[in-house]
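Geometric and topological summary
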Amino acid sequence: MNSLIKITARCLRSGAPAYLPRPADGRAWSAPARFLCADVKKDLGEMVKKDKVVVFMKGTPAQPMCGFSNAVVQILRMHGVDEYAAYNVLEDQDLRQGVKDFSNWPTIPQVYFNGEFVGGCDILLQMHQNGDLVDELQKLGISSALLNAEKESK
């Protein structure tokens, strides 16, 4: 029981197996130990609502550390979205796993608009390609630079 309490107290786990002794026969059993406590859930909830656009990514907007994170930064840049909160999940393994558990989405980067989970790179790219991203940005009060460039060319 003490092991379970220690694991739970950490709130976030990487998903590595946890070995807990069984009191009846002294053997150990293995189970994935992913916990997201209320405090961490509340913190992540506040983080995603802090700004209109929030990105959890590998690296920073100035120096993305993976191609998918870079693609998200480039898409936002093309639309003129320069002011957004970006969290580098490589600096904090608890944040990296916690945001995956919070959104129930297994990959990084993750994009949020007004506290609502949008998706990852693939979803943002699809929204960019079909024009939905322009509409979603307008709902946030952000005028897409691509829309402005289109108006100027007419």
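Everything below is about the structure printed above this text.
These remarks concern the structure in this document. (Residues numbered from 1 in each chain as written. Predicted model: local features only at pLDDT ≥ 70, side-chain atom pairs only at ≥ 80, totals over all residues. Heavy atoms only, no water.)

**Remarks on the pattern of salt bridges**
A complete count under the given rule lists one salt bridge for this structure. For Glu136, the salt bridge identified is with Lys139, shortest N-O distance 3.0 Å. Placement of both Glu136 and Lys139 in helix α6 (residues 132–139) is noted, with a separation of three residues, approximately one turn of the helix. For Lys139, a relative accessible area of 62% gives the class exposed. (Salt bridge = Lys/Arg side-chain N within 4 Å of Asp/Glu carboxyl O. Helix = DSSP H or I, 4+ residues; strand = E, 2+ residues; numbered from the N terminus. Buried < 20%, exposed > 50% of the residue type's maximum accessible area, 1.4 Å probe, protein only.)

**Examining the sheet that holds strand β6 (residues 116–119)**
Note: strands within a sheet are paired through backbone hydrogen bonds, in either parallel or antiparallel orientation. Taken together, four strands build an open sheet; the order of strands is β4-β3-β5-β6 and the sheet is mixed. At either end of the open sheet lies a strand with only one pairing partner, and these are β4 (85–88) and β6. Averaged over all pairs of adjacent strands, the angle between their axes in this sheet comes to 25°, without regard to strand direction. The sheet contact formed by strand β3 (residues 53–57) and strand β5 (residues 110–113) spans four bridges and is antiparallel. Paired with Val55 across the bridge in β5 is Val111. Strands β3, β4, β5 and β6 of the sheet are contacted by helix α4 (residues 93–103), whose axis makes an angle of about 55° with β5. (Pairing = 2+ DSSP bridges. Axes fitted to C-alpha atoms, helices over the stretch in contact; angles between N-to-C directions. Contact = heavy atoms within 4.5 Å.)

**Looking at the pairing of β3**
When you tally the buried positions in β3, you get five out of five residues, the bulk of the element. The alternating pattern of β3 places Val53, Val55 and Met57 on one face and Val54 and Phe56 on the opposite face, and all of these are buried. Viewed along the sheet, the connection from β3 through helix α3 (residues 67–78) into β4 turns out right-handed. (Right-handed = clockwise from strand over helix to strand, strands pointing away.)

**Some details on the packing of helix α5 (residues 121–130) against α6**
Close contact between α5 and α6 brings their axes to 5 Å; oriented N to C, the two are set at 100°. Here α6 runs roughly perpendicular to α5, going by the angle between their axes. Here Leu124, Met127, His128 and Asn130 of α5 come into contact with α6, specifically with Asp132, Leu133 and Glu136. Here the contact of α5 with α6 is composed, by residue class, of three nonpolar, two polar and two charged. (Parallel < 35°, antiparallel > 145°, perpendicular 65-115°, else oblique. Nonpolar A, V, L, I, M, F, W, Y, C, P; charged D, E, K, R; others polar.)

**A few points about the state of the cysteines**
Disulfides are covalent bonds that link the sulfur atoms of two cysteine residues. Overall, the coordinates contain zero disulfides when judged by the stated rule. In this structure Cys66 is a free cysteine whose sulfur lies 8.0 Å from that of Cys121, the closest cysteine sulfur available. (Disulfide = S-S within 2.5 Å.)

**What about the packing of aromatic side chains?**
Counting across every chain of the model gives five aromatic pairs. Measuring from ring centre to ring centre gives 5.3 Å for Tyr112 and Phe117, while their planes differ by 55°; the resulting arrangement is tilted. What makes Tyr112 buried here is its relative accessible area of 1%. Site record: aromatic cluster; members linked through ring pairs are Phe56, Tyr87, Phe102, Trp105, Tyr112 and Phe117. (Phe/Tyr/Trp six-rings, centres within 6.5 Å; stacked < 30°, edge-to-face > 60°.)

**Quick notes on the nonpolar core**
Burial of nonpolar side chains together is a common tendency in soluble globular proteins. Core analysis: the largest hydrophobic core is formed by 18 residues, its most contacted members being Val53, Val55, Leu76, Phe113 and Leu124. Where this core is concerned, the elements lending two or more residues are β3, α3, β5, α5 and α6. The greatest single-element share of this core, amounting to four residues, is contributed by α3. When neighbours within four sequence positions are excluded, Phe113 is seen to be in contact with Lys52, Val53, Val118, Leu124, Met127, Leu133, Glu136, Leu137 and Leu140. Counting residues in each nonpolar core, the second largest holds 12 residues, with Met47, Ala85, Tyr87 and Leu95 among its members. (Core = buried A, V, L, I, M, F, W, Y, C linked by side-chain atoms within 4.5 Å.)

**Comments concerning unusual backbone geometry**
In this chain, Ile108 is followed by Pro109 through a cis amide linkage whose omega measures 10°. With respect to the helices, strands and loops of the structure, Pro109 is situated in the loop between α4 and β5. Although it is not a glycine, Asn104 sits at a positive phi angle of roughly 60°. You can see Asn104 is positioned in the loop between α4 and β5. We note that Asn114 has phi near 50°; this positive angle belongs to a residue other than glycine. Within the fold, Asn114 resides in the loop between β5 and β6. What makes Asn114 partly exposed here is its relative accessible area of 47%.

Everything listed is a geometric property; what it means functionally is a separate question.
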